[in-house]
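# Coordinate analysis (summary)
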Amino acid sequence: MGLDSSAIGTIVVSALVIVIVAAACVLDLLHNTEHHPPAFIKRRFVNWFLVGLTYASTYFGRYNMNVANQQGTYDILQVTSGQFGSIITVGFVSYAIFVVINGFTVDIIGARISLVIGAYGSAVFNVAMGLFAKYNTMTGGTTIVIISCLYACNNFFQTFCTSAICKVGVNWYRKTERGYFSGIFGVVISLGFFFAFQVCGVIYMYMDWCWIFFFPAMQLAVFATINIFVTKNTPADAGFPQVEITPKEPTENQPLLLNKDEEAKTTGAKAKLHQVMKLFKTVFMQPIFILLCLVDVCLGWCRDGVLSWYTEVLKGRFLCDSSSNQYSLASGGTTIGGMFGSLSAGILSDSFLFKSKRPPVAFLYFCLLTATYLGMVWINGSWAFASLVAIASMWLSGLNGLITSTCAMDFAGSAATGTAVGLLDGVQKIGSSLTGSLMGLILDVQSANVTSSSSISAAVSDNSLFSLLSSVSSAISSSVAAFVAISQENYKHWVESMIPTAVFAGLILLVLTIWPDFLKKKIEPVKGVTSECCVDHEAQKGTH
C-alpha cells in the first residue's frame, strides 16, 4: 500500500526537523567568537542541549491537551467542544499567572533545581491525566472540572522551566553570544511543537488517548533525572575558572548586581521576601522594560492570532481540512519556519552589522511581519495562504526569541533573568488571551454575539464563577464550531486586526533603535542578588 500525500508530508517535515536541529548543534560547536577553550565549548553544548530537550519535552506535555481537543475526545467524555475548551482556558490562565510568580522563584532557588522541579511535577500530573483518561467512568461537566484542575497544576510546574532555561543561558553565554544562543536554542525548543502536534497526533490516531499523556510524562521524567547529574547553573559549577563581571564587560548596563559581601548580610525568610519585592520593583518599574512589555502584548496578539486560528481559517475560508496538503504545508511550516526564524534573528542580532543590539533586528522582523500580513489580505488561494502562514511563523518565532528571551537576558543579567523572563512571558499572554474571544468575534460576528449573549446571561444567573468561565469559553468555541464558511470580508478583518499592533510594536522598537538611551533610568542593586559571572579566559588558557 502506498503512502498518501499527508503521510509523505509528515515524513518530509520529520526529516527536515532532524537536519535543522543537527545543523544548529554543529553551528553552536563551531561558533566561538570569544575564543573559549574547546573543553568549555563542548561542556556548554552538552549543558544547553540537555536543557533545550527538557524544555521541548514540556511542550510535549502541555500542548498534548490541544491534540486531545477534537471530536473523538468529546464523544468519550460526552461533552461539547465549548466544555472541553474550558480546560484549555483554565490551563492558559494558570500558566499566565504562575509564570510571573515562578520567575521570582527561579532567581532565588536557581535554574537547575527549577528545571528538575518543573519537569518532575509536569510528569506527575501528566501521569494523573493519563490515568484519569484510562480509568474514568464519569461523563459530562464533572470530567471537565477534574481535568481542568489537573491541567492547571501541570501548567504551574511547567512555568518553573520557562524562566530556568534563560537563566542557564545567561550564565554560559556573554552578551555578544546570546543572539546566537537564542537562535540555536529556539531551534531545539521548536522540537517541542513537533513532539506535541506531530508525535501526539500519531499517538492519538493509533492508540488510546491516555497515551498522549503517558509518553510525555516518561520523557519529562527521564530528562529531569539526567538534569540532576549533568546540568550546571554556571561554568564555575562545571569546574571552569570564573571572575565577576567588571564595569568594562558587555553587561555593564545590568545594575541589578550586588557583590558577595553585601549578599552575606541578606539572610532569612523576611530578607528573601524583601528581595523578591525589590526584584519586581527594580525590573518592572524600568521605563525600558515597560516598553518591552507593550511590544510583548502586541506580539502575543499577532503570534497567537495566527498560530491559534490559521487551522480554522483553512477549514472555513479555503475548505482545507487536516488531511489536505495545504494543511500539511501550514502546520509543517510553523515548525520549520519557527526554527529558521529563531536561528536567523539570533545570528543577525549578533552579527557585525547589529553588534548584539536587539531592537533594530526586532524592528526589521516586525516590518517583514507587517508585509506578510498585507500579503495575506490580498491573496485568494489556499496554497498562498498556507505559504504565508509558514513565512509569518518565521518572523513571529524570531521576535519571540529576541523580545521575551534575549532582551530579558541582556536587560536583567543573570541576577534577575528569571524575573524578567517571567514578567515578559506573562505580559505576552495578555495579548495571547485576547485572541481567543476577539478573533472569534472578528471572524464570525453574528454567531459569536448571539451565542455569547445567551450563554453568558445564563451563567451570571447561576452565580457560578466556573460556569461563567465555562460559558464564555463555550460561546467562543461554539462560534468557531458554527462556521459553515468564513466570508472573504471577515477573513480580511481578521488579518487587518493584526496589522496595527505589528506597526505599533515596530514604532516602539524604531524609537529604541534610533534613540538607544530613551527613558534610560539608573536603578539600585538588589540585596541578596549576586553578580553574574563570565569565564576567566586567561585562567582557562592557563588551565587548558
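Residues numbered from 1 in each chain as written. Predicted model: local features only at pLDDT ≥ 70, side-chain atom pairs only at ≥ 80, totals over all residues. Heavy atoms only, no water.

### Digging into the packing of helix H7 (residues 141–172) against helix H8 (residues 178–189)
- Put simply, H7 and H8 touch, their axes get as near as 11 Å, and they point 145° apart. Handedness of the H7/H8 crossing: right-handed. In contact with Ile165, Gly169 and Val170 of H7, H8 contributes Arg178, Phe181, Phe185 and Ile189.
- Considered class by class, the residues forming the contact of H7 with H8 number 5 nonpolar, 1 polar and 1 charged. (Axes fitted to C-alpha atoms, helices over the stretch in contact; angles between N-to-C directions. Helix = DSSP H or I, 4+ residues; strand = E, 2+ residues; numbered from the N terminus. Left-handed = near helix turned anticlockwise from the far one by under 90°. Contact = heavy atoms within 4.5 Å. Nonpolar A, V, L, I, M, F, W, Y, C, P; charged D, E, K, R; others polar.)

### Looking at the packing of aromatic side chains
- One pass over the structure, following the stated rule, counts 27 aromatic pairs.
- Each ring, one from Tyr173 and one from Phe181, has its centre 4.5 Å from the other, and the planes form 35°; the classification is tilted. For the pair shown, Tyr173 and Phe181 are each scored as buried.
- A network of ring pairs unites the aromatic residues Phe98, Phe125, Phe156, Phe157 and Phe160 as a single cluster.
- A cation over a ring is seen here: Arg44 above Tyr173, with NZ or CZ 3.9 Å from the ring centre.
- Sitting over the ring of Phe318, Arg317 keeps its end group 5.7 Å from the ring centre. (Phe/Tyr/Trp six-rings, centres within 6.5 Å; stacked < 30°, edge-to-face > 60°. Buried < 20%, exposed > 50% of the residue type's maximum accessible area, 1.4 Å probe, protein only. Lys NZ or Arg CZ within 6 Å of the ring centre and 35° of its normal.)

### Considering H8
- Compared with the 16 Å implied by 1.5 Å per residue over 12 residues, the 16 Å span of H8 between its first and last C-alpha is a close match.
- Among the 12 residues that make up H8, 12 are buried, leaving the element largely enclosed by the rest of the structure.
- Regarding H8, the residues found buried are Arg178, Gly179, Tyr180, Phe181, Ser182, Gly183, Ile184, Phe185, Gly186, Val187, Val188 and Ile189. (Expected span 1.5 Å × (residues − 1).)

### Brief notes about the pattern of salt bridges
- By the definition in use, this model includes 4 salt bridges.
- For Glu34, the salt bridge goes to Arg174, with nearest N and O atoms at 3.7 Å. On the criterion of sequence distance, the pair formed by Glu34 in the loop between helix H1 (5–30) and helix H2 (38–60) and Arg174 in the loop between H7 and H8 is long-range, its members being 140 residues apart.
- Residue Arg174 is classed as buried on the basis of its relative accessible area, which comes to 8%. (Salt bridge = Lys/Arg side-chain N within 4 Å of Asp/Glu carboxyl O.)

### What about helix H5 (residues 81–109)?
- For H5, with 29 residues, the first-to-last C-alpha span of 40 Å sits near the 42 Å given by 1.5 Å per residue.
- In the structure, H5 departs most strongly from a straight axis at Val99, where the bend amounts to approximately 30°.
- Two residues or fewer after H5 comes Gly110, characterised by a positive phi angle close to 100°. (Bend = angle between axes of the 7 residues up to and from the residue.)

### A look at the confidence of the model for the protein chain
- The share of residues in the protein chain with pLDDT of 70 or more is 76%, and the mean pLDDT across the chain is 78.
- For the protein chain, per-element mean pLDDT is lowest for strand E2 (residues 533–535), which scores 34, and highest for helix H10 (residues 211–230), which scores 97.
- Contacts of residues 243–267 to residues separated by more than four positions or lying in other chains number 58 contacts, the stretch itself having pLDDT below 50. (pLDDT = per-residue confidence, 0-100.)

### A short note on the packing of H8 against helix H9 (residues 191–206)
- At a closest axis distance of 4 Å, the pairing of H8 and H9 adopts a crossing angle of 15°. Taken together, the axis directions place H8 and H9 in an arrangement best described as roughly parallel. Touching Val187, Val188 and Ile189 of H8 are Leu191, Gly192 and Phe193, all from H9.
- The class makeup of the residues in the contact of H8 with H9 is 5 nonpolar, 1 polar and no charged. (Parallel < 35°, antiparallel > 145°, perpendicular 65-115°, else oblique.)

### Thoughts on the environment of Thr33
- Tracing the sequence through the fold places Thr33 in the loop between H1 and H2.
- Sequence separation between Thr33 and Glu177 is 144 residues; the distance between their C-alpha atoms is 7.9 Å.

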